[in-house]
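# Geometric and topological summary
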Amino acid sequence: MAKIPRRRFLKQTAVTSIALAAGSWRGRAGFAQRMESTATRVVVDPSRQISTLDRRLFGSFLEQLGRAIYTGIYEPGSPRADSSGFRTDVTDEIRSMGVPIVRWPGGNFVSGYHWLDGVGPKRDRPRVLDRAWNTLETNQFGTNEFLTWCKLANTEPLMGMNFGTGSAEMAAALVEYCNVDKGTRWSDLRRQHGYEAPHNVKYWCLGNEMDGPWQIGHMVAAEYGRKAADAARQMRVIDPSLKLIACGSSGPFMTTYLDWDRQVLEECYNEVDAISLHRYFGNSEETGGDTTRYLAMNLAMDRQIEEIIDVCDLVRGLKRAQKRLWLSFDEWNVWYRARGPIADNGHRQEAPHLLEEPYNLEDALLVGGLINSLLRHSDRVRLACLAQLVNVIAPLMTNENGVLRNTIYYPYAWALQSARGNVLSLVPEGPAYEVGRLGRPLGAGGTTMPGLGRVPYLDVTATSDPEGKTAALFVLNRDLEKPRELVIDWQGATPTKVTSAQVLTGTDLKAVNTFDTPKRVVPQSLEPPKAGAHMTFQLPARSYTAITLAT
Ligand code: AHR
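Read on for a plain summary of the structure. Remember, predicted model here, so these are calculated numbers, not experimental data.

## Remarks on the nonpolar core
Ranked by internal contacts, the top residues of the largest apolar core, which has 149 residues, are Trp204 and Tyr224. With 9 residues, the top contributor of residues to this core is helix α11 (residues 361-376). Counting the residues that make up this core, at least three belong to each of domain 1 (6-50 + 439-550) and domain 2 (53-422). Once residues within four sequence positions are removed from consideration, Tyr224 is found in contact with Phe163, Leu206, Met210, Met219, Ala246, Cys247, Trp260 and Val264. Counting 22 residues, the second largest nonpolar core, distinct from the first, contains Ile488, Met535, Phe537 and Leu549.

## Side note on the packing of helix α5 (residues 168-179) against helix α6 (residues 185-192)
Running from amino to carboxyl end, α5 crosses α6 at an angle of 50°, the nearest separation of the two axes being 7 Å. With respect to α6, the element α5 is oriented oblique. At the point where α5 passes α6, the crossing takes the right-handed sense. Along the contact surface, α5 presents Met170, Ala173, Glu176, Tyr177, Cys178 and Asn179, while α6 presents Arg185, Trp186, Ser187, Leu189 and Arg190.

## Here we look at the side chain of Arg484
Among the secondary structure elements, Arg484 is positioned in strand β21 (residues 484-490). Within the local environment of Arg484, its side chain forms a polar contact with the side chain of Asp479, the two groups lying 2.7 Å apart. If we skip the residues at most four places from it in the chain, Arg484 touches Thr38, Pro431, Tyr457, Leu458, Asn477, Asp479, Phe537, Gln538 and Leu539.

## Looking at the pairing of strand β12 (residues 326-334)
Within β12, 9 of the 9 residues are buried, which leaves it mostly tucked inside the rest of the structure. Here 4 bridges tie β12 to strand β13 (residues 381-387), and the two strands are oriented parallel to one another. In the sheet register, Leu327 faces β13, and the bridge partner there is Val381. Remark: the β12/α11/β13 crossover connection has right-handed handedness.

## Observations concerning the pattern of salt bridges
Scanning the model with the defined rule gives 32 salt bridges in all. Note that Arg233 is salt-bridged to Glu271, the shortest N-O span being 3.0 Å. Of the two residues, Arg233 is situated in helix α7 (residues 221-238) and Glu271 in the loop between α8 (259-268) and β11 (274-281); the sequence distance between them amounts to 38 residues. You can call Glu271 buried: its relative accessible area is 17%. Of the charged contacts, one joins Asp259 and Arg262 as a salt bridge, the two residues approaching to 2.8 Å between their closest N and O atoms. With Asp259 and Arg262 both in helix α8 and 3 residues apart, this pair spans about one turn of that helix. Overall, the relative accessible area of 34% leaves Asp259 in the partly exposed class. One salt-bridge network, held together by shared partners, links Glu75, Arg80, Arg87 and Asp89.

## Some thoughts on the sheet that holds β21
Overall, mixed pairing links the 3 strands, which are arranged β2-β21-β24 in an open sheet. What marks the edges here is a single partner per strand, and that holds for β2 (40-44) and β24 (534-539). Neighbour to neighbour, the strand axes of the sheet diverge by 25° on average, direction disregarded. Taken together, the 6 bridges between β21 and β24 define a ladder with antiparallel strand orientation. In the strand pairing of β24, Val487 is matched with Thr536.

Analysis parameters
- Residues numbered from 1 in each chain as written.
- Predicted model: local features only at pLDDT ≥ 70, side-chain atom pairs only at ≥ 80, totals over all residues.
- Heavy atoms only, no water.
- Core = buried A, V, L, I, M, F, W, Y, C linked by side-chain atoms within 4.5 Å.
- Buried < 20%, exposed > 50% of the residue type's maximum accessible area, 1.4 Å probe, protein only.
- Helix = DSSP H or I, 4+ residues; strand = E, 2+ residues; numbered from the N terminus.
- Domains from an automatic or database assignment.
- Contact = heavy atoms within 4.5 Å.
- Axes fitted to C-alpha atoms, helices over the stretch in contact; angles between N-to-C directions.
- Parallel < 35°, antiparallel > 145°, perpendicular 65-115°, else oblique.
- Left-handed = near helix turned anticlockwise from the far one by under 90°.
- Polar contact = N/O pair within 3.5 Å; in protein donor to acceptor, adjacent residues only side chain to side chain.
- Pairing = 2+ DSSP bridges.
- Right-handed = clockwise from strand over helix to strand, strands pointing away.
- Salt bridge = Lys/Arg side-chain N within 4 Å of Asp/Glu carboxyl O.

Here it is in structure tokens:
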């Protein structure tokens, strides 16, 4: 791992100081004042908590799409596959990342998927045309393969249900197939298929993006809400312990945004535990290709979460309900290059190259910011999925020889590794810049998005684990020109040692990793200050940093 030498950092700072001095030459006192105000200050107090972190906040997603499954995690015949066809190199990587939960099989795919096609003897499974992505689906990988793979990867399943062409009855049948021990039609079928023990799948998505006209079986809100309530009631008879996620709006670009969520919840609030959110970002029309705007886009995620919370609580009030719903942000990522009519069309091929987004440095920085946004809403967002995990808009890519870490792998892997215990409530104070009205987001028919207002240069989150006596800090520096200072006053627990300080940064915001050049964007170690009650960190321009400390 390369190191950012203190010398280079000081040089960057010196240039900044000269520029500042030149811009405001008001004598020593004025200069000192100006330097002072460029730092961001924050008190970190482990007793001020947002939540006890549910690790499901860092889940991911594998859709039966493109090369996510076929040649991604499953490739029978590959020298890298085990006897069941699972790629051991990919599974090992995912296991060692510690991905807590994985959503499957879709996504848009699920809305035309007949789960019965994917169970039983492989030779009898039909080859079908998937109408979501115009792809040939061999059904060689189905429910039992996914649930077996989850065990190998040491992750929990989050199963999606077909609410497009599928009925509430068949959704309930799938729960029975997966979770009932024996003695019923569907549980006995599972046993006949060679799986004696029930899979006990707890988390289920009641459909996918059913508000979207692109979705197979797209419905109006009340119709979907009623179907969700009906299916949920049937499913809970089979297994009352299930956690059920209603399908929320596909995003703020929808004309039905928020109203869809309200109407759906008015129908099914009492039957479900959570509602889903989805969002993809891009440095394109919405941001005008301006990276300072792009790196602020995680604040749009904050806003989306807060708006959906408001709708949930409005319906809660109207219904005088006791329970409060939680949020499942079960699709989020950067995705804007590999999309559109060409990238989305599988041309009736098996495992076509679809949605293979080439992630660069600035995408990774935004992904870091998005992780910060999820952390600071972790009291209500209990589950979230980076969409997706392998090959399709993913941190990991495969070829026949191995696995590549895309740039966005790093912030995601740091969150998985280091965010532990409690998420802390922070009120950083520091310089900010203005982001006014945004352009049209992808997928929108003409609507532009509201501005983001004052955007802090530093976006800071922290976790603290009283058991392990550790703390972690995650900092996005949105300043493209200058390093920025973060001054931390610790209260309640004083760090005794900085155990690691890693930063993702570089001069080329468009740099990507490829199989030929896999190390263009990799973490560097950051020289940390001495541990203590008062610490000043120097964060390079254009960077995302993860710091762990012993407390
Ligand atoms: O993740 C790719 C696609 O994006 C999913 O299939 C769909 O749910 C969303 O629109």
